[in-house]
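Secondary and tertiary structure notes
For reference, the chains in residue letters:
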Amino acid sequence: MMTLLRSTLFALIFYPGSLLYVLAALASSLVGAAPLRRVARGWAYFHRWCAAYILGIRTRVEGVIPDYPVLYAMKHESMYETVETLVLLRDPAVLVKQELADIPLWGRVAVLHGSIPIDREGGASALRKLVRAARAAADEGRSLVIFPEGTRVPHGERAPLRSGFAALYRQIGLPVVPVAIDSGRVWPRGSFLKRPGVITFSFGEVIQPGLDRDAVEALVHDEINRLNN
């Protein structure tokens, strides 16, 4: 019963509050990118506060977060990490599914913030567009975040990596940092109920550019699933 009450209260506070942040971000975008990014970071801290003080969910970080641009290859088990990333990292450009970028208002803010939509049905032209956007973000000194499995995966499962990750790794030339996450233990995919607990973000060793596709995929796949027990 307490889990249901916490989850309901979270929904009643976080989602209406998020709409206010979206409207504030749209307004701030008229001034420039920097004010919009400050609003987005404020929204991420609002999410962290709601998760911690309503749901009883907190973040633990293991490993070293680089202070230079990298390509973060991140496990994806819940919505939690998509928002928490904006707190842990400095203005990252997150690669998101096209349908998320198409959400009214929120999608517009996400793209203005620097999120890069992935059009999986667009073929080679869509990949070239994605690479151009990723290079532009890297040239600004921003790290990139990709969820190489392509979607949320229930905790304990190992989904295959999508082909777009290796293509991005080869063409962008940034070092890769695998990130293992166990958020699905307390924030299960598709469930309204969220349980109290600690979510671990485990940052792995830096993987330098230049590996072939099979090698980098094997390394990343193993590393992002280290917490899958």
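Read on for a plain summary of the structure. In this text, all values refer to a predicted model and were calculated from it rather than measured experimentally.

Focus on the overall build of the chain
Within the chain, the regular secondary structure consists of 8 helices and 7 strands. The globule rule puts the C-alpha radius of gyration for 229 residues at 17 Å, and the 17 Å found for the chain is close to it. On the principal axes, the C-alpha backbone points of the chain span a range of 50 × 45 × 35 Å. Across the 229 residues in the chain, those meeting the buried criterion constitute 48%.

As for the sheet that holds strand β7 (residues 197–203)
Strand order in the open sheet made by the 7 strands is β1-β7-β6-β2-β5-β3-β4, with mixed pairing throughout. At either margin of the open sheet sits one strand with a lone partner, and together these are β1 (57–62) and β4 (116–118). Mean inter-strand twist for the sheet, computed between neighbouring axes without regard to direction, equals 25 degrees. One ladder, built from 2 bridges, connects strand β3 (residues 93–97) with strand β5 (residues 144–146); its direction is parallel. Across the sheet, residue Ala 93 finds its bridge partner in β5, namely Leu 144.

Description of the pattern of salt bridges
Using the criterion set out here, one finds 7 salt bridges in the structure. A salt bridge links Glu 140 to Arg 37; the nearest nitrogen and oxygen atoms lie 3.5 Å apart. With Glu 140 in the loop between α6 (123–139) and β5 and Arg 37 in helix α2 (residues 33–55), the pair connects residues that are 103 residues apart, well separated along the chain. Judged by its relative accessible area of 53%, Glu 140 is exposed. Residues Arg 158 and Asp 222 are paired through a salt bridge, measuring 3.1 Å at the closest nitrogen-oxygen approach. Separated by 64 residues along the polypeptide, Arg 158 in the loop between β5 and α7 (163–172) and Asp 222 in helix α8 (residues 213–224) bring together distant segments of the chain. Exposure remark for Arg 158: the relative accessible area of 44% places this residue in the partly exposed category.

Analysis parameters
- Residues numbered from 1 in each chain as written.
- Predicted model: local features only at pLDDT ≥ 70, side-chain atom pairs only at ≥ 80, totals over all residues.
- Heavy atoms only, no water.
- Helix = DSSP H or I, 4+ residues; strand = E, 2+ residues; numbered from the N terminus.
- Rg over C-alpha atoms; globule rule 2.2 N^0.38 Å.
- Buried < 20%, exposed > 50% of the residue type's maximum accessible area, 1.4 Å probe, protein only.
- Pairing = 2+ DSSP bridges.
- Axes fitted to C-alpha atoms, helices over the stretch in contact; angles between N-to-C directions.
- Salt bridge = Lys/Arg side-chain N within 4 Å of Asp/Glu carboxyl O.

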